[in-house]
Amino acid sequence: MKKTAIVVGVLFIVGTVSGILSVVVLGSLLDGPDYLVQVSASENRIIIATLLILIMGLALAMVPVMLFPIFKEHNEALALGSVVFRGALEAAIYIAQAITLLLLLAIGQETVKAGATDASHLQAFGTLLLQADHWLASMLSIVFSLGALMIYYIFYQSKLIPRWLSGWGLIGAVLYLAVPLASMFGSELGILQLPLALQEMILAVWLIVKGFNPSALDSA
């Protein structure tokens, strides 16, 4: 169980760091009216960002899979739900985002070849992909939040980690869920994602250093 806790903690860190690096690598490539030209001229950055997104998706999707044998002893239904939401669905959306980036790269390259006068249809397709990426990000936030609620409820119920830490996760997940819902109505509340992001890094360190509560494992 100690090894499982360490692996889960490392997966949290790898997923989060990969996600941050993907944002840093992309930078402002997708901003501005000439984003397709910028994308075309930055093929390596797009490929690196795509790989980082896939690493993030795989690492975070493995978290509920690793936790499932432990979680099912406390709440099998929610344990399975966490695998579906923070495993399968979340990974599928990350893969869709990676494909969207690669499609934007292909469209950008074709736009440069076609020239400004013959690329209006490509620019329209690029705009459509940007909108799709925006909605994928919103769906990802919703799926992530619901999966987090399941995970931290089991943690709170089972006392596998201190309740102040799992309670923080529950509150953070609710705040995180508010962000995409507000975004659908034109409000930007991205700062509400920070509490859960910080909590998961503290959780990762806790699992690596302390592991799961032995008495909670024994009771299960």
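Check the entry above for the structure.
In what follows, the accompanying structure is described.

The rules behind the values
- Residues numbered from 1 in each chain as written.
- Predicted model: local features only at pLDDT ≥ 70, side-chain atom pairs only at ≥ 80, totals over all residues.
- Heavy atoms only, no water.
- Phe/Tyr/Trp six-rings, centres within 6.5 Å; stacked < 30°, edge-to-face > 60°.
- Helix = DSSP H or I, 4+ residues; strand = E, 2+ residues; numbered from the N terminus.
- Buried < 20%, exposed > 50% of the residue type's maximum accessible area, 1.4 Å probe, protein only.
- Lys NZ or Arg CZ within 6 Å of the ring centre and 35° of its normal.
- Salt bridge = Lys/Arg side-chain N within 4 Å of Asp/Glu carboxyl O.

Right, let's talk about the packing of aromatic side chains for a bit. Evaluated as defined, the whole model comprises four aromatic pairs. Where Tyr152 meets Phe155, the ring centres are 6.2 Å apart and the plane angle is 35°; that geometry is what we call tilted. In this pair, Tyr152 and Phe155 are both assigned in helix 4 (residues 120–158), three residues apart and thus about one turn of the helix distant. The class of Phe155 is buried, set by a relative accessible area of 0%. Among the aromatic residues, those joined into a cluster by ring pairs are Phe71, Tyr152 and Phe155. Stacked on the ring of Tyr156, the Lys or Arg Arg163 has its end atom at 4.4 Å from the ring centre. It is Lys210 that lies over the ring of Trp206; its NZ or CZ is 6.0 Å from the centre.

Turning to the pattern of salt bridges, a few remarks are in order. A complete count under the given rule lists two salt bridges for this structure. Of the charged contacts, one joins Arg86 and Glu90 as a salt bridge, the two residues approaching to 3.6 Å between their closest N and O atoms. In this pair, Arg86 and Glu90 both sit in helix 3 (residues 43–114), four residues apart, roughly one turn of the helix. Judged by relative accessible area, which is 1%, Arg86 ranks as buried. Across the pair Glu200 and Arg86 runs a salt bridge, and its minimum N-O distance is 2.8 Å. One end of the pair, Glu200, is in helix 6 (residues 194–209); the other, Arg86, is in helix 3, with 114 residues separating them in the sequence. Taken individually, Glu200 and Arg86 each receive the classification buried, so the pair is uniform in this respect.

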